[in-house]
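# An overview of the molecular structure
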Amino acid sequence: MLELTTRLATVHRATSAAERDAIYRMRYEIRVAQRGQVEGAGVDHDRQMVFTVYDELPRTIHFYTSGGSADGAGELDAVARMRRFNPGEVPDEVRERWSLDFVTNLDSLAIAEFSELLARPEVAAAQERLSVLSLFKAGFEACMEPGGADLIVFDAHPGLITHYAKLFGARRYGGDPIERSAGKGVGVPMVIAVSDTAHLERVGSLFTPLSWKTFVLGRRARADIGCFSVRFVDDLRDDVDPEQTWPMMEERFFRRGVERWSFFEGLRQAIIDELMARGTLREVAEGEEVVSEGGEDGEMFVVLDGCLEILAGGKSVDVAGRGELIGEVSISSPERRRTATIRALLPSRLLTLTHAALRALALGDAEAGHQVMLNLTRFIAERFAEKARVVASLDEELERLRLELHEANERLRGL
């Protein structure tokens, strides 16, 4: 964990109206200008801000990181909001949004809602500062303060669940999926029990020292989670090494912050209707495999709802959400051999398209077939470009390690 802690960004709390306005303007820039959320709660086009009444309530904390000086001046890199509620004061809208009925002793617990987490994509490309990790750590620290919180609830992209489980000690509890802004998919509710030091220590969470200092050394009273912890799901994997995979997770968070281009984009409704008619709909349950690596078939899939994970050699390499295409290599390759396993991270609905169906569409309507093939080609090209960027970043990291090894050898020769 030492390498991670040395790369943490300085996190500030917004204490002035000017700082909060800067946060609201950043939300507008990312949500409206970049993601196209023209309508929605709190969107103010005149002021070019996104904010709601929840942003100004007591016990609400706004966190941000900045590329400027130590006092937070300069353009904001990443932002997050934490709303804290005293025991017995959790609003109905929070109970419903986070499906908190499972917490049978909710009125005796303090709850923190960690949300509105946004960051600029270029921050991930730099990789010097782990902004997402830094913001979560600041939120955890806020819960250690007097009047803090016993539970932190937040929603995670399905492809990041195992990372949050290992690095934060977060757990799923079967809450209803959270609809994200502008139709950008869904988030899976997760919870961190900040006083469950034993669990945090068992999974190797970055937050273990904070919990140990407060609840073991500081002897602060622990929250009673025994009456509902049976709902917790541990999403742990042995291949999640914090030192090696956190930068990957940080990059994936930024990359998934803006939903990828949809396969249906630019197609006339008549063409979409024709695709739906020629394809077949498939419902898949959470954890169900859609295809297996090495299999031979000629189908590709458009994700209509849900989220799927793509695994190569047993390792998670990508996730696909609403509007995205998966299995395109098999349908476009003469061998028809699957290069990856695809399984559902959430209950999902797929449109299955075969090579024969696409050929029939092209023969029946040349314009429609041409447009669909253009979209397929564009999707494959963009995915290839994305992988090329990943390879380039790995090459840069390898070169950095080579230089460090060379410098270490030179120092050893000088001893």
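Quantities reported herein were computed from a predicted structural model and do not represent experimental measurements. (Residues numbered from 1 in each chain as written. Predicted model: local features only at pLDDT ≥ 70, side-chain atom pairs only at ≥ 80, totals over all residues. Heavy atoms only, no water.)

### Remarks on the confidence of the model for the chain
Mean pLDDT over the chain: 80, with 79% of residues reaching 70 or higher. In the model, residues 69–73 has pLDDT below 50 throughout and makes 9 contacts with residues more than four positions away in sequence or in other chains. pLDDT under 50 marks residues 254–259. Its contacts with residues more than four places away, or in other chains, come to 20 contacts. (pLDDT = per-residue confidence, 0-100. Contact = heavy atoms within 4.5 Å.)

### Focus on the packing of aromatic side chains
In this description, an aromatic ring pair is defined by two values, namely the gap between the centres and the angle between the planes. Per the counting criterion, the structure on display carries 12 aromatic pairs. For the ring pair Phe102 and Tyr173, a centre distance of 4.5 Å and an interplane angle of 20° mean the geometry is stacked. On the criterion of sequence distance, the pair formed by Phe102 in the loop between α3 (92–97) and β6 (111–119) and Tyr173 in the loop between β8 (171–172) and β9 (178–179) is long-range, its members being 71 residues apart. Take Phe102 and Tyr173: they sit in the same class, and that class is buried. Between Phe228 and Phe232 the ring centres are 5.9 Å apart and the planes differ by 80°, which places this aromatic pair in the edge-to-face class. Both residues of the pair, Phe228 and Phe232, belong to the buried class. Against the face of Tyr54 rests Arg83, its NZ or CZ located 4.3 Å from the ring centre. (Phe/Tyr/Trp six-rings, centres within 6.5 Å; stacked < 30°, edge-to-face > 60°. Helix = DSSP H or I, 4+ residues; strand = E, 2+ residues; numbered from the N terminus. Buried < 20%, exposed > 50% of the residue type's maximum accessible area, 1.4 Å probe, protein only. Lys NZ or Arg CZ within 6 Å of the ring centre and 35° of its normal.)

### Description of the sheet that holds strand β16 (residues 325–326)
Spatially, β11-β18-β13-β16 is the arrangement adopted by the 4 strands of the open sheet, whose pairing is antiparallel. One side of each edge strand has no neighbouring strand; the edge strands of this open sheet are β11 (280–284) and β16. Bridging between strand β13 (residues 299–305) and β16 involves 2 bridges; their strand directions are antiparallel. Paired with Val302 across the two strands is Leu325, which belongs to β16. (Pairing = 2+ DSSP bridges.)

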